[in-house]
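Architecture at a glance
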2 protein chains.
Amino acid sequence: MTTALQMQAADQGGMRRNNLALVLRLLHDKGPRSRAAVAVETGLNKATVSSLVAELIDRGLVREVGTSTERNGDAPRLGRPPTLLEIDGRNVACVGIEVNVDVIEVVVTDLAGRRVFEHVRPLDAAGHPPSRTMGSLTAVTRHALDAVHDRCPTVAGISVAVPGLIHAGDRAITFAPNLHWRDVDLGVRLATDLGINVPISIDNDANLSGLAEYRVGEFAGTPNLITVTGQTGVGGGIVVEGRLLRGASGFGGEVGHMHVLPDGPECGCGRRGCWEALVGLKSLLRRAVPDLAATLEADDSLGPDDKVARVVTRAQSSDAVTLAALHEHGRWLGDGVSILVNLFDPEAVVLGGFFRDIAPWVLPIADARLRELAIAPHARQCRLAASTLAFSSAALGGALHAAERVFDDPAVIDVRRT
Amino acid sequence: MTTALQMQAADQGGMRRNNLALVLRLLHDKGPRSRAAVAVETGLNKATVSSLVAELIDRGLVREVGTSTERNGDAPRLGRPPTLLEIDGRNVACVGIEVNVDVIEVVVTDLAGRRVFEHVRPLDAAGHPPSRTMGSLTAVTRHALDAVHDRCPTVAGISVAVPGLIHAGDRAITFAPNLHWRDVDLGVRLATDLGINVPISIDNDANLSGLAEYRVGEFAGTPNLITVTGQTGVGGGIVVEGRLLRGASGFGGEVGHMHVLPDGPECGCGRRGCWEALVGLKSLLRRAVPDLAATLEADDSLGPDDKVARVVTRAQSSDAVTLAALHEHGRWLGDGVSILVNLFDPEAVVLGGFFRDIAPWVLPIADARLRELAIAPHARQCRLAASTLAFSSAALGGALHAAERVFDDPAVIDVRRT
């Protein structure tokens, strides 16, 4: 079903921009190929493809590279082999930054997704006012831009991942319970502090992790893909038919606050019985390492991964309390995932963040529980898997998000002008 | 974010079909207007609009009607007033049929959405094998097609709504717990029995109710809209950014089987703790009219609306047991709706089926519970409302679905050839 709003009059100018995007995206998604192959795969005629490719090369987004061994079926090759095209964009910086409770992480890629810079800075965001974290963010961002400037002078955009609710309209942070932030206008402040004219967007960290899984994770390209990340909180990045679900105001995908146990334990958000209160970091520590939980929780020098490492060590030494706790954790994980599967019928659910570290123990239990509770025969075939991306994939998702802007409309960028 | 798969090369032929659809959808959604207004609103040039309109008139889908009083701002009108265009399609039958536990209901509309035929036939689908229900379905469909043949000789399509899981690939019914059906190839059998060459599709009843709400309900056109229907089971029709959520295999939106209470009451699907087991018809009767529940449940001569009427009567006479039960029902309703709101961040949630009848008692409670449990400040502004459509809107949704085919691609139909 299509609404009038979604349909756009296909005029000539819009058509060309759309076709530029189509060709650029094809080269990005499917790899190097000839102009002739681009024509076949897009359905565009060869003259149009030549003209589009000329513009993309001119903009520095595509380059010619070597010659093809493409064969046209079994027909003998006539004449000289065609030139191959590939994504260029070596000069374009796509900047992703994650601000989390204990760390700021930066990933810069070029347009082809090659990492050109990475940096991690420890932090105590929850223990200080937003202004102090803002200062660190500005410093880290400036450092990253300086570091990549010679190689990538054109900045496609900066996307900042935050564990909170981001309003779709003004991209301000409405509420980030684990950072203790309310109504922080991070995007505007970062732009002012940096004093440069570059598109800056703010996004929910789990949304950007979901984008990273959808673009470069094990299930890349899976049309209906759910990512559930365990950090201090529990977030969700939900892709429906190839599009990130955002909702009316950008607050969609709040999987951590699904009400799954009436009168359940208290959550960081102040409610009772949220899924996060059952499968989040705090409940894991209290259940699996009850003797260490209070100390670990109070120690701001440790990141979630350091804390989860204590659980993993105990599990590896077959500690009975820890193993029983992980079993219970797996059951709760399966309960919540089953709700997502009954609602979204995805091809796969990927568990990221600290869920990856405890996956050997919780995944089989969660999976069995999912099979029990999923109503659809197909849903029972939905894959449940641990992420193969690094602990936090949100910064990488930010860089990919900054690149999307160019893939959606290559005309926004022109490296020649830089 | 857009995937290569979603992007289509805009060639000339595709562009014209797309623009035909654009003009037809505009006239349908926004009502009668002049060619000049169509040109302004679509961004197409006037010559293109004239040519598109000529083709739509030629196909019998649009007609000229009267003259306009449209004003171009405050400019004085020059020359004769322009002719208005409106949706025609008087000859096009869009057939929607709902097969439910106790009833088959048919709605036939023309392309403009005017109802040209309605019929309701009582049934005991759960008490008989699928073949008997199939026979009734064929008879009812044939009767409807005969009845409208003189007025609407061109049939756009037949869409059948069934309370069950419909596989996206072959459109067969995989599992319909309340009908006691498994693996019924209803579409193919209906086509064979009817012996006519008309597109037939099978869909989940709640999906089609969701489509009806999205097209003609109180919140028509709301991009993110969730419909929850109480029939014998509890179903969901979820619209995300103007598109019905279907999932990888068509099994999305199974709201009734969200696992909301560990070790909760048994559900019709055989599991424990499904939302349907807490807010469905059976639990309502057992809670609200415990003395009548067993008798009502066993009486196949009564439809869900007759049974719910007993609850309403007791509530109207302020029966304490019934009122307390409705309070509890409202709380459970709010619990489940809060999960949907936290995940989808919709503008509105519409309650259909028997929830409409008990809305005066349960809606305020459910609404308060939703405000408590929704994490996002905006989500707390999400509207929760009773449907203004009739008891079952699935048949109407079926007729609208059959019409969608024409709106998506007007070239599929040509009433001149009939």
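The shown structure was predicted, so the numbers you read here are calculated from the model rather than taken from an experiment.

1. Comments concerning the interface of chain B and chain A
Each partner contributes to the interface: chain B provides 74 residues, whereas chain A provides 74 residues. Across the interface of chain B and chain A, roughly 6,200 Å² is buried in total on both sides, 61% from carbon and sulfur atoms. For the interface between chain B and chain A, the tally reads two salt bridges. The salt bridge partner of Arg-243 of chain B is Glu-241 of chain A, with a shortest N-O separation of 2.5 Å.

2. So, the pairing of strand 6 (residues 115–122) of chain B
Residue and element names in this part refer to chain B. Sheet analysis places strand 5 (residues 103–109) next to strand 6, joined by seven bridges and oriented antiparallel. Pairing of Val-107 across the sheet is with Glu-118, part of strand 6. Where strand 5 hands over to strand 6, the hairpin turn is made up of five residues, of which Gly-113 adopts a positive phi near 90°.

3. Considering empty space enclosed by the protein
All names here are of chain B. According to the stated counting rule, one finds seven cavities of 30 Å³ or more in the structure shown. A volume near 250 Å³ is recorded for the largest cavity. Taken together, 24 residues form the lining of the largest cavity, with Pro-163, Gly-164, Asp-205, Val-234 and Glu-254 sitting closest to its centre. Taken together, the elements giving at least two residues each to the lining of the largest cavity come down to helix 6 (205–216) and strand 13 (234–240).

4. Some thoughts on the packing of helix 8 (residues 281–288) of chain A against helix 10 (residues 304–316) of chain A
Residue and element names in this part refer to chain A. Where helix 8 meets helix 10, the closest approach of the two axes is 10 Å, and the angle between their N-to-C directions is 30°. By the angle between their axes, helix 8 is roughly parallel relative to helix 10. When you trace helix 8 past helix 10, the crossing you get is left-handed. In contact with Leu-281, Leu-284, Leu-285 and Ala-288 of helix 8, helix 10 contributes Pro-304, Lys-307, Val-308, Val-311 and Arg-314. Taken together, the residues that form the contact of helix 8 with helix 10 break down as seven nonpolar, no polar and two charged.

5. Comments concerning the relation of the copies chain B and chain A
In screw terms, the move from chain B to chain A is a rotation of 180° and a rise of 0.0 Å along the axis, fitting with an RMSD of 0.1 Å. In short, the pair behaves as if placed about a two-fold rotation axis. Proximity to the rotation axis, assessed at the C-alpha, singles out Val-260 of chain B in chain B; its C-alpha lies 2.6 Å from the axis. Most of the interface of chain B is mirrored in chain A: 100% of its interface residues are interface residues there too.

6. Let's talk about the confidence of the model for chain A
Residue and element names in this part refer to chain A. Residues at a pLDDT of 70 or more form 92% of chain A, whose mean pLDDT is 89. Within chain A, strand 9 (residues 173–176) has the poorest average pLDDT of any element, 82, and helix 11 (residues 320–344) the best, 98. We note a pTM of 0.89 for the whole complex and an ipTM of 0.89 for its interfaces.

7. With respect to the sheet that holds strand 2 (residues 62–67) of chain A
Residue and element names in this part refer to chain A. Strand order in the open sheet made by the three strands is 1-3-2, with antiparallel pairing throughout. Strand pairing shows two members of the sheet lacking a second neighbour, strand 1 (33–34) and strand 2, which therefore form its edges. For strand 1 and strand 3 (residues 83–87), the ladder comprises two bridges, and the chain directions are antiparallel. Directly across from Arg-33, in strand 3, lies its bridge partner Leu-85.

About the thresholds
- Residues numbered from 1 in each chain as written.
- Chains lettered and ligands numbered in written order.
- Predicted model: local features only at pLDDT ≥ 70, side-chain atom pairs only at ≥ 80, totals over all residues.
- Heavy atoms only, no water.
- Contact = heavy atoms within 4.5 Å.
- Buried area = accessible area lost by both parts, 1.4 Å probe.
- Salt bridge = Lys/Arg side-chain N within 4 Å of Asp/Glu carboxyl O.
- Pairing = 2+ DSSP bridges.
- Helix = DSSP H or I, 4+ residues; strand = E, 2+ residues; numbered from the N terminus.
- 1 Å grid on protein atoms, 1.4 Å probe; cavity = no way out; pocket = protein on both sides within 12 Å on 5 of 7 lines; lining within 4 Å.
- Points joined across faces, edges and corners; volume = space filled by probe spheres on them.
- Axes fitted to C-alpha atoms, helices over the stretch in contact; angles between N-to-C directions.
- Parallel < 35°, antiparallel > 145°, perpendicular 65-115°, else oblique.
- Left-handed = near helix turned anticlockwise from the far one by under 90°.
- Nonpolar A, V, L, I, M, F, W, Y, C, P; charged D, E, K, R; others polar.
- Least-squares fit on C-alpha atoms with pLDDT ≥ 70 in both.
- pLDDT = per-residue confidence, 0-100.

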